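# Descriptive analysis of the structure
Listed below are the residues making up each chain.
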Amino acid sequence: MRGTSDRPGRFAEPWLLVLTSLADGPKHGYAIMTDIAAFSGITMEPGTLYGALSRLERRGWVRPPAGRRTPPPL
Amino acid sequence: MRPGLAGRLSRALVACHPRRWRERYGEEMLEVLDQHHPTARTVVSLAASAVSARLDPAWRTGRLSLPRLRRAALISAAVAAPLALVLGPVGYGMWQDSYWHPAADEPLETAAFSPHKGIMVTAFGEAIDGMDMVWDVTDLSRPQRLSQFEGGQPMALSPDGRTVATIAYSGQAALWNVADPRRPVKMTTLSDGDGSKLEELAFSPDGQILATARYDRIFLWDMASPARPRLLRALDAPVTSPAGDGPIPFSQQDLAFSPGGTILASATGTDQVTLWNVTDPAHAYRMATIDGAGDFIQAFAFSPRRKLLAAVTFHGTVLVYSLTDPARPARTATVRGLLTRALYPSGSPQPEETPLCATCQPASYAVAFTPDGHTLTVVVDREEMSANSGRDTIFDWHVTGSGTLGAVTAAARDVADFQPVIAPGDRFVLGSPPGSHAWHAWALP
């Protein structure tokens, strides 16, 4: 029935789901995928996950944990 | 998609990302793939990710520089040079093949005519590489080539000008629809179950029967439906080589229908012409055998008006037979020494004239009556070693009502060259110089 679905709808934007997952602390990629699946029911594929992560990282909204290699400067 | 395959594809797609992207996320992503169970969706998402990253300027590895360009050019050249060495000759060969002419160096072998439609079909080259060309000869001074096709040779053109019969590469007769002479279309290949080489083809005057001749057999086909010919009769007609070590004629079989279409003549035996009654083609039978005066029959023709058959032998003897009673042909004329007269018009060999080699084909012949039947024309294509080509001599005789021949009324020399063909019903002879596709038409005197 319309309006009563539990699906996240437009809130299923990958970057929003990734930010939501990381809100409670740093996670590894696979942990983000399982967390998103747990709270939204959406199975996010690795290609989608890392596409969103790279955009968020470029904007400075997330950053890699200390010790993680970053790409060399252009 | 099987999980194993999806996993391998996923890992390959990770490697397809830009180098800078792989340095940042490649290791992580491979770890994720180790824990994840890749599916077709995984493969699609990674492919989209790779394309997106490739298009993203942020992941490009530096700017183009001259040294990088030079290095790329060197690598490209190192790859391209061996490829060019290998593929170049292959490509050149393919390009040459697209212009390859199966019978580029072959002279005219034969020609078939459809006088009512002004269409002529010429054949160049041997059966294995024969090329046929369709011409509009309505105005013979300005012939127009309408089309060409690789149909083999020799060939016959049906009287209505709609069907060409050729000897295909397979050795079988092939039928081509030339109703639209600009677009010949192959209709079918006749299969008579015989593997030997087909020698000759001829349509009956009404176009209802096609006769095909092999070395020792003649086949009669019902051509009521040219796309689906029906074998009516097979006739045993053995042709053997002349006795001794002499030269063997190029054309070992010849066929001609009488003007009324009731008699089929074929060269048989060592020196004979056999007349077949083909009034009922399905029950055709041998009617008579004509003696060839001890010499192999090279060419023959029926008179269009009178019941006469003229033949010319391998060494240049002209024979005329009366077919008033076709079962008992009677020879009415014999003219010997035609080849000698063609070779030595002055009566004896001149010092500059090189004698023929012993095993050469002495000459090729074409024989025809004029449409009124009053004149017999024989074209002698004499082989001259000194000229390295044939030169034609044309003889004409007046033919009496009883079938005897008067004195030679005309003798033209060197008017054509190589493999003459006389157009039936028309007064011209075709010849073709060796080494070209050109043909010449000479009006007969």
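Residues numbered from 1 in each chain as written. Chains lettered and ligands numbered in written order. Predicted model: local features only at pLDDT ≥ 70, side-chain atom pairs only at ≥ 80, totals over all residues. Heavy atoms only, no water.

## A word on the overall build of chain A
Helix and strand counts for chain A stand at three helices and zero strands. Secondary structure elements in chain A, listed N-terminal to C-terminal, are α-α-α. Scored against the burial criterion, the 74 residues of chain A give a buried share of 31%. In chain A, of all internal contacts separated by at least 6 residues, the share reaching a separation of at least 24 is 45%. Looking at chain A as shown, the accessible area adds up to about 4,900 Å², and 55% of this sits on carbon and sulfur atoms. (Helix = DSSP H or I, 4+ residues; strand = E, 2+ residues; numbered from the N terminus. Buried < 20%, exposed > 50% of the residue type's maximum accessible area, 1.4 Å probe, protein only. Contact = heavy atoms within 4.5 Å. Areas by Shrake-Rupley, 256 points an atom, 1.4 Å probe, with all protein chains shown as cover.)

## Some points on the sheet that holds strand 15 (residues 272-277) of chain B
Residue and element names in this part refer to chain B. Pairing in this open sheet of four strands is antiparallel, and the strands run 13-14-15-16 from one edge to the other. Edge positions in the sheet fall to strand 13 (255-257) and strand 16 (285-291), since each of these pairs with one other strand and no more. The sheet shows a mean angle of 25 degrees between the axes of neighbouring strands, taken without regard to direction. For strand 13 and strand 14 (residues 263-268), the ladder comprises three bridges, and the chain directions are antiparallel. Paired with phenylalanine 257 across the two strands is leucine 264, which belongs to strand 14. (Pairing = 2+ DSSP bridges. Axes fitted to C-alpha atoms, helices over the stretch in contact; angles between N-to-C directions.)

## Looking at the sheet that holds strand 20 (residues 330-335) of chain B
Residues and elements named next belong to chain B. Judged by pairing direction, the sheet is antiparallel, and its four strands sit side by side in the order 17-18-19-20 without closing on themselves. Two strands close off the open sheet at either side, each with one partner strand: strand 17 (297-302) and strand 20. Ignoring strand direction, the axes of neighbouring strands in this sheet form an average angle of 20 degrees. When strand 18 (residues 308-313) meets strand 19 (residues 318-322), the two strands line up antiparallel, connected through five bridges. Note on strand 19: the bridge partner recorded for alanine 310 is valine 320.

## Focus on the interface of chain A and chain B
Taken together, the contact pairs 22 residues of chain A with 23 residues of chain B. For the pair chain A and chain B, the summed buried surface comes to about 2,100 Å²; carbon and sulfur atoms form 54% of the total. Where chain A packs against chain B, one counts two salt bridges. Here Asp56(B) and Arg58(A) are joined by a salt bridge, their closest N and O atoms 2.5 Å apart. Inspection of the chain A/chain B interface yields eight residue pairs in polar contact (both at pLDDT 80 or more). (Buried area = accessible area lost by both parts, 1.4 Å probe. Salt bridge = Lys/Arg side-chain N within 4 Å of Asp/Glu carboxyl O. Polar contact = N/O pair within 3.5 Å; in protein donor to acceptor, adjacent residues only side chain to side chain.)

## Here we look at the packing of aromatic side chains
Under the definition given, this model contains five aromatic pairs over all chains. A centroid spacing of 5.9 Å and a plane angle of 25 degrees characterise the contact between Phe395(B) and Trp397(B), whose relative ring orientation is stacked. Residue Phe395(B) shares its accessibility class with Trp397(B), and that shared class is buried. Here the aromatic residues Tyr50(A), Trp21(B) and Tyr25(B) are joined through ring pairs into a cluster of three or more. (Phe/Tyr/Trp six-rings, centres within 6.5 Å; stacked < 30°, edge-to-face > 60°.)

## Considering the confidence of the model for chain A
Low pLDDT means the predicted atomic positions in that stretch should not be read closely. Residues and elements named next belong to chain A. Per-residue confidence for chain A gives a mean pLDDT of 77, with 73% of residues at or over 70. The low-confidence segment residues 1-5 (pLDDT under 50) makes zero contacts with residues lying over four places distant or belonging to another chain. This stretch, residues 69-74, has a pLDDT under 50; its non-local contacts, to residues over four places away or in other chains, come to 14 contacts. (pLDDT = per-residue confidence, 0-100.)

## Observations regarding the pairing of strand 15 of chain B
Residues and elements named next belong to chain B. With five of six residues buried, strand 15 lies mostly within the body of the structure. Where strand 14 meets strand 15, six bridges bridge the pair, whose relative direction is antiparallel. Bridge pairing in strand 15 links alanine 265 to leucine 275. Pairing of strand 15 with strand 16, which is carried by six bridges, proceeds in the antiparallel orientation. Each residue of the ladder has a partner; that of valine 273, found in strand 16, is isoleucine 290.

## Structural notes on a nonpolar patch on the surface
Residues and elements named next belong to chain B. Among the surface-exposed residues, Ile75, Val79, Leu83, Leu85, Val86 and Leu87 lie close enough to one another that they form a single nonpolar patch of about 600 Å² accessible area. Secondary-structure assignment places leucine 85 in helix 4 (residues 66-98). Residue class for leucine 85 comes out exposed when judged on its relative accessible area of 68%. (Patch = residues over 30% accessible without salt bridge, like charges linked within 9 Å, V, L, I, M, F, W, Y side chains within 5 Å.)

## Examining the packing of helix 1 (residues 14-22) of chain A against helix 3 (residues 46-58) of chain A
All names here are of chain A. Taken N-terminus to C-terminus, the directions of helix 1 and helix 3 make an angle of 80 degrees; their axes are 9 Å apart at the nearest point. When the axes of helix 1 and helix 3 are compared, the pair comes out roughly perpendicular. Contact residues: helix 1 offers Pro14, Trp15, Val18, Leu19 and Leu22, while helix 3 offers Thr48, Leu49, Ala52, Leu53 and Leu56. Here the residues of the contact of helix 1 with helix 3 sort into nine nonpolar, one polar and no charged. (Parallel < 35°, antiparallel > 145°, perpendicular 65-115°, else oblique. Nonpolar A, V, L, I, M, F, W, Y, C, P; charged D, E, K, R; others polar.)

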